[in-house]
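# Observations on the three-dimensional arrangement
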Amino acid sequence: MSKIIGVIPARMAASRFPGKPLHPILGRPMIEHVFERAKMFKKVDGLFLATCDAEIREFAEAKGYPVIMTADTHTRALDRVAEAVEKCGLNVADNDIVLNVQGDEPMMGPDMIAAAVKPFQSRPEVRGTILAMDIVDQEQFENPDILKIIHDLKGKVLYTSRAPIPYCKPGQFGPQLEAKRIYGIFGFRWEFLKYFTSLVESPLEIKEACDSNRIYDNGQHQHIAPYPFQPSYSVDSPTDIDQVEAHMKDDPLWGTY
C-alpha cells in the first residue's frame, strides 16, 4: 500500500491578500479550518503545514500542528510542497501519494481528499490528480479568480485557465456546458512531483498564474478527480471572507472541531 502524505502550503505574502492564512473566519484563523478539516481524512500517514513565515510556524506550534519551514523563494505552491516532503522525516517512496491541500480552502472536507486519492487506486496509469468541482452558475464561470479545467474524454487535463472555458455563447450557460473548476486539492505520485519541480516555470504557467500548466506545457498530464458542486468557497481576496462565513455557518463540519 502506498503511503499518503498531506501538505498544506501557506505564506503570509500572498499578493492579493497579505496575511491571508491567519485571517480570522468565524473567529478562527483560516489555516486552522483547513488543517482541522484535512486531518479528518484518516488514511493520511502524515499531515504537515509548510511555510516560510515565522508567524505561521508559531501558530502551528501553539496548536500542535506539524510544521516544516521552507525557502521563501518559492512562487508556486507545488514547489513548496515538494521541499516539505523532502524534509518531512518519512521514508517517502516514488509510488507514494503526496497531497497538496491549498491553505485557502477553509470549507474543504475529508470526502474531497478521498475523491482526489481515488483515481490513483482505480487507475494505475494516473500520476497526478486535480479535484474538479462542477460549476453551476455563470458568475463563478466568469470569475478570473476561479481556475477552469479543460480535459479529454479519459479525464486527462489539457489546460487550466482563468478565462471562462469551454466557450459559451452569450445567454447559453447551463449544465450542458459541463464546466469544471479547480478546487484546491492536488494529488501526485512522489516521482511525478519531483519531475514537476525539476522543470522551470513555463510560459502558460506564468500567463495563467497556475502551476499545473507547467505540466501540460511539458507534454504531461494530471487527471480530474470529479466532484459535484456543493457550496464550498475558496478565499482569493478579502472580499471572499463574507461569502465564506455566510455559507460556513450552514456547513455540517462547522462546530465539529
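Above this note sits the structure.
Heads up: these notes are all about the structure in this document.

## So, the packing of helix α3 (residues 77-87) against helix α6 (residues 190-197)
The relative placement of two packed helices is expressed as an angle between their axes plus a distance between the axes. Axis separation between α3 and α6 bottoms out at 10 Å; the angle between their running directions is 125°. In terms of orientation, α3 and α6 fall into the oblique class. You can see that α3 and α6 cross each other, and the crossing is left-handed. Contacts from Leu78, Asp79, Val81, Ala82, Val85 and Glu86 in α3 reach Trp190, Leu193, Phe196 and Thr197 in α6. Grouping the amino acids of the contact of α3 with α6 by side-chain chemistry returns seven nonpolar, one polar and two charged.

## Points about the side chain of Ser237
In this structure, Ser237 sits in the loop between β11 (223-227) and α9 (241-248). According to the relative accessible area criterion, Ser237 is buried, its value standing at 13%. Reaching out from Ser237, the side chain makes a polar contact with the side chain of Thr239 at a distance of 2.8 Å.

## Side note on the packing of aromatic side chains
Following the criterion strictly, the structure yields seven aromatic pairs and no others. When the ring of Phe35 is compared with that of Tyr65, the centres are 4.0 Å apart and the planes differ by 15°; the resulting orientation is stacked. With a gap of 30 residues between them, Phe35 in helix α1 (residues 30-38) and Tyr65 in the loop between α2 (54-63) and β5 (67-69) connect regions that are remote in the sequence. A centroid spacing of 5.3 Å and a plane angle of 40° characterise the contact between Phe141 and Phe173, whose relative ring orientation is tilted. Highlighted residues: Phe141 in helix α5 (residues 138-142) and Phe173 in the loop between β9 (157-161) and β10 (180-189), separated in sequence by 32 residues. Take Phe141 and Phe173: they sit in the same class, and that class is buried.

## With respect to the pairing of β11
The element β11 is largely enclosed, with a buried count of four among its five residues. Two strands pair when backbone bridges link them, and strand β7 (residues 128-134) and β11 are joined in this way by five bridges, in the parallel orientation. By the bridge assignment for β11, Ile130 is matched with Ile224.

About the cut-offs
- Residues numbered from 1 in each chain as written.
- Predicted model: local features only at pLDDT ≥ 70, side-chain atom pairs only at ≥ 80, totals over all residues.
- Heavy atoms only, no water.
- Axes fitted to C-alpha atoms, helices over the stretch in contact; angles between N-to-C directions.
- Helix = DSSP H or I, 4+ residues; strand = E, 2+ residues; numbered from the N terminus.
- Parallel < 35°, antiparallel > 145°, perpendicular 65-115°, else oblique.
- Left-handed = near helix turned anticlockwise from the far one by under 90°.
- Contact = heavy atoms within 4.5 Å.
- Nonpolar A, V, L, I, M, F, W, Y, C, P; charged D, E, K, R; others polar.
- Buried < 20%, exposed > 50% of the residue type's maximum accessible area, 1.4 Å probe, protein only.
- Polar contact = N/O pair within 3.5 Å; in protein donor to acceptor, adjacent residues only side chain to side chain.
- Phe/Tyr/Trp six-rings, centres within 6.5 Å; stacked < 30°, edge-to-face > 60°.
- Pairing = 2+ DSSP bridges.

Function cannot be read off these values alone, since they describe shape.
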